[in-house]
Amino acid sequence: MPTKTKDVVVIGGGIVGTAILRKLSFYRLDIALIEKQPDVCEGASKANSGIIHTGFDAKPGSVEAECLKLSRDLWPQLIEDCKIPYIPCGAVMVATSEEEKQIIENTYIPNAEANGVEVEWIGKDELLEMNPAVTPNALGGLVVPGEALCDPFWATRSFAEIAAMNGAEVILGNGVRHIERHPEGLKLILADGQEIVSRYVVNAAGLWADEIAAMIGDNSFTLTPRKGQFILTEEQVPISQIILPVPTRKSKGILISPVVFGGFLLGPTAEDQEDKWDRSTTPEGIEAVLSGVEKLIPEARNYESIRQFAGVRAVCSEGDFIIRPSAADRRMVLAVGIRSTGVSASPGIAEMVFGQLQEAGLEAELRDSYVTEIPELFGEANEQEVGEIVCLCRSISRGEIMNAMSRPIAPFTIDAIKRRTGATLGECQGNCCIPKILDLYEEKTGVKPSQPLKGLLQSNLAHQGGTPT
Ligand SMILES: Cc1cc2nc3c(=O)[nH]c(=O)nc-3n(C[C@H](O)[C@H](O)[C@H](O)COP(=O)(O)OP(=O)(O)OC[C@H]3O[C@@H](n4cnc5c(N)ncnc54)[C@H](O)[C@@H]3O)c2cc1C
């Protein structure tokens, strides 16, 4: 295999890595993204609360607060360009005791002011009128009108698709195993033996970013996995905002919010663990979610759960986002320790990383023209026809599945098709539609799927970017 050369390689296809890739793709640069999983958004970015936080509670002066501030201005255009499912519902932090009210007054209102975020205290009557499910014991709440909800998978996929349409190479299912110094940059050796020499590398490897940094001798930070368990319910919960508790020292606390595709999400817990891969749910965790939400919404324990899942945050020893060139080798820029607000902060992180790359010597000239918007549909006209219904539970048509397979970041797993279309998510959990989806996959790609369940459909996962416009 000949060694490839690149101007910038981003390691990690979560929301942070893809936001950076999108930003870089607007410039005359030869760029690539390397993701060890078979799809983008397989890490923390796929299992979280999906809140676009304003940063009202971020520590003033921190890197995180700065990224969130930058992002506040960028999200409105991104939502439009990427057609991201979005609910601008606002949030309310509920005070259930005099002590919590004091904490809001003495800590959160001044903090929000310091960060330039609009907040407003409302009394009990107004709180309960907007959110009848909230406990009658509440004394009132702090409304944060700018908080919103989004679909983080959609955002991540869209960022990667825009970059691919601008010519970025997206390599999936092939992780970075080893890094060597090279006269022309850093040489990345991938799991399949492929070698890429890149002038600059961005480390956006989420929970594994410490291992990537260690490959160039940077042991300056550690990352601790912190699990968050969730319950999804389709009950009709009478709330119109994201209902937040007063945070604990460890996390933003256990909350309840609407979900962009319907239903309500309860959670998450904050459990430190050793295993970076452990995304299991436990009876103790689910009980902690229920008792946490119950303090805000007394009926919570009676809601029927349709699904339970967990995500894992990367808690950094530095206590803040790290966005800077590595002291071990300035050709690697770190975008690491992105803990609780990485979805919200990703557009701002991309701006900051781009600035750091330029400071490290990257010269970047804007392309004459480039794609900034996601087209509604991809592929040939006949693929966009509705055609027969393939997933009866969710009414997903042949046209929608063929369209998903025509996108710049095409799916290589049943899970990836599920996330792009909603197929297999219904009551039968794919028992009826998976065989039909496999037939469509073969029709589209000419490849007979080899491992037909959740796993890979085929082994060659590189998406070559098209010719830059
Ligand atoms: C329970 C919970 C709730 C949260 N709620 C919110 C919220 O409401 N709002 C919000 O803004 N944020 C929230 N977050 C935080 C947010 O999810 C994260 O900050 C964000 O997803 C981090 O993105 P990332 O791209 O850095 O990491 P990831 O999404 O984990 O991506 C890193 C990627 O790097 C890849 N990788 C690792 N090693 C290698 C390698 N050697 N080679 C190639 N690829 C590699 C991984 O496979 C992974 O896909 C929450 C997080 C959790 C866990």
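All of these numbers come straight from a predicted model, not from anything done at the bench.

Engineer: Can you explain helix H11 (residues 414-421)? Please cite residues and give values.
Structural biologist: Extensive coverage of H11 is indicated by the burial of six of its eight residues. Those residues of H11 not exposed but buried are Ile414, Asp415, Ala416, Ile417, Arg420 and Thr421. Along its buried surface, H11 packs onto helix H5 (152-165), strand S22 (396-397), helix H10 (398-405) and helix H12 (434-445).

Engineer: Outline the pattern of salt bridges, supporting the account with residue identities and numerical values.
Structural biologist: Tallying each qualifying case throughout the model produces 29 salt bridges. We note a salt bridge from Lys276 to Asp210, for which the minimum N-O separation is 2.9 Å. Here Lys276, found in the loop between strand S17 (271-272) and helix H7 (283-294), pairs with Asp210, found in helix H6 (residues 209-214); they are 66 residues apart in sequence, far enough to count as distant. Each member of the pair, Lys276 as well as Asp210, is classed as buried. For Arg331, the salt bridge goes to Asp329, with nearest N and O atoms at 2.9 Å. A relative accessible area of 22% means that Arg331 is categorised as partly exposed. According to the relative accessible area criterion, Asp329 is buried, its value standing at 9%. Residues joined by salt bridges that share partners form a network here, namely Asp39, Glu42, Lys46, Arg419 and Arg420.

Engineer: Give a detailed account of the sheet that holds strand S8 (residues 148-150), specifying residues and quantitative values.
Structural biologist: What the three strands build is an open sheet, ordered S3-S8-S4; its pairing is antiparallel. Strands at the two margins of the open sheet, each flanked by one partner only, are strand S3 (51-52) and strand S4 (86-87). Two strands pair when backbone bridges link them, and S4 and S8 are joined in this way by two bridges, in the antiparallel orientation. Within the sheet, the bridge partner assigned to Tyr86 lies in S8 and is Cys150.

Engineer: Go over the site of the ligand, please, and point to the residues and values.
Structural biologist: Contacts to the ligand come from 39 residues, most closely from Glu35, Ser45, Ile51, Arg339 and Ser344. One nitrogen or oxygen atom from the side chain of His53 is found 3.4 Å from a nitrogen atom belonging to the ligand. Summarising the interface, the protein chains cover 97% of the accessible area of the ligand, which totals 1000 Å² for the free molecule. Where the shell around the ligand is concerned, the elements lending two or more residues are helix H1 (15-24), strand S2 (31-35), strand S13 (223-233), strand S18 (305-316) and helix H8 (342-359). Considered class by class, the residues forming the shell around the ligand number 17 nonpolar, 18 polar and four charged. Both domains that meet at the shell around the ligand, namely domain 1 (4-46 + 152-222 + 318-359) and domain 2 (91-145 + 224-314), each give it at least three residues.

Engineer: Would you mind going over the domain arrangement of the protein chain in detail, with residue names and values included?
Structural biologist: Per the domain assignment, the segments making up the protein chain are domain 1 (4-46 + 152-222 + 318-359), domain 2 (91-145 + 224-314) and domain 3 (383-445). Relative placement of domain 1 and domain 3: their C-alpha centres are 30 Å apart. Of the residues lining the interface, 14 residues belong to domain 1; the matching set on domain 3 comes to eight residues. Each partner contributes to the roughly 950 Å² buried at the junction of domain 1 and domain 3, and carbon and sulfur atoms together form 62% of this total. By the criterion of area lost to domain 3, the three top residues of domain 1 are Asp39, Phe153 and Glu161, representing 43% of everything that side buries. Where domain 1 touches domain 3, the interface holds four salt bridges. One salt bridge connects Arg420 with Asp39, and the closest N-O pair in it is separated by 2.8 Å. Inspection of the region where domain 1 meets domain 3 yields four residue pairs in polar contact (both at pLDDT 80 or more).

Engineer: Lay out the packing of helix H2 (residues 63-82) against H5 in plain terms, naming residues and giving numbers.
Structural biologist: Put simply, H2 and H5 touch, their axes get as near as 10 Å, and they point 75 degrees apart. With respect to their mutual orientation, H2 and H5 come out roughly perpendicular. Contacts between H2 and H5 involve Trp75, Leu78 and Cys82 from the first element and Trp154, Ser158, Phe159 and Ile162 from the second. Taken together, the residues that form the contact of H2 with H5 break down as six nonpolar, one polar and no charged.

Engineer: Residues and numbers for the packing of aromatic side chains, please.
Structural biologist: For the coordinates displayed, the defined rule picks out six aromatic pairs. Note on Trp208 and Trp277: the rings are 4.8 Å apart at their centroids and 50 degrees apart in plane angle, and the pair reads as tilted. Taken as a pair, Trp208 in the loop between strand S12 (195-203) and H6 and Trp277 in the loop between S17 and H7 lie far apart in primary sequence, 69 residues in all. For Lys36, the ring lying beneath its charged end belongs to Trp208, and the centroid distance is 3.9 Å.

Engineer: Please provide a residue-by-residue account of the nonpolar core, values included.
Structural biologist: Within soluble globular proteins, side chains that are nonpolar tend to cluster in buried spots. Judged by nonpolar contacts, the single largest core of 55 residues is most densely connected at Ile20, Leu24, Ile349, Val353 and Leu357. No other element matches the eight residues that H8 contributes to this core. Setting aside chain neighbours within four positions, we find Leu357 in contact with Val8, Leu24, Tyr200, Val202, Val333 and Leu362. In terms of nonpolar packing, the next biggest core, distinct from the first, is built from 28 residues, Trp208, Ala209, Ile322 and Met332 among them.

Conventions used here
Residues numbered from 1 in each chain as written. Predicted model: local features only at pLDDT ≥ 70, side-chain atom pairs only at ≥ 80, totals over all residues. Heavy atoms only, no water. Buried < 20%, exposed > 50% of the residue type's maximum accessible area, 1.4 Å probe, protein only. Helix = DSSP H or I, 4+ residues; strand = E, 2+ residues; numbered from the N terminus. Contact = heavy atoms within 4.5 Å. Salt bridge = Lys/Arg side-chain N within 4 Å of Asp/Glu carboxyl O. Pairing = 2+ DSSP bridges. Near = heavy atom within 4 Å. Polar contact = N/O pair within 3.5 Å; in protein donor to acceptor, adjacent residues only side chain to side chain. Areas by Shrake-Rupley, 256 points an atom, 1.4 Å probe, with all protein chains shown as cover. Nonpolar A, V, L, I, M, F, W, Y, C, P; charged D, E, K, R; others polar. Domains from an automatic or database assignment. Buried area = accessible area lost by both parts, 1.4 Å probe. Axes fitted to C-alpha atoms, helices over the stretch in contact; angles between N-to-C directions. Parallel < 35°, antiparallel > 145°, perpendicular 65-115°, else oblique. Phe/Tyr/Trp six-rings, centres within 6.5 Å; stacked < 30°, edge-to-face > 60°. Lys NZ or Arg CZ within 6 Å of the ring centre and 35° of its normal. Core = buried A, V, L, I, M, F, W, Y, C linked by side-chain atoms within 4.5 Å.

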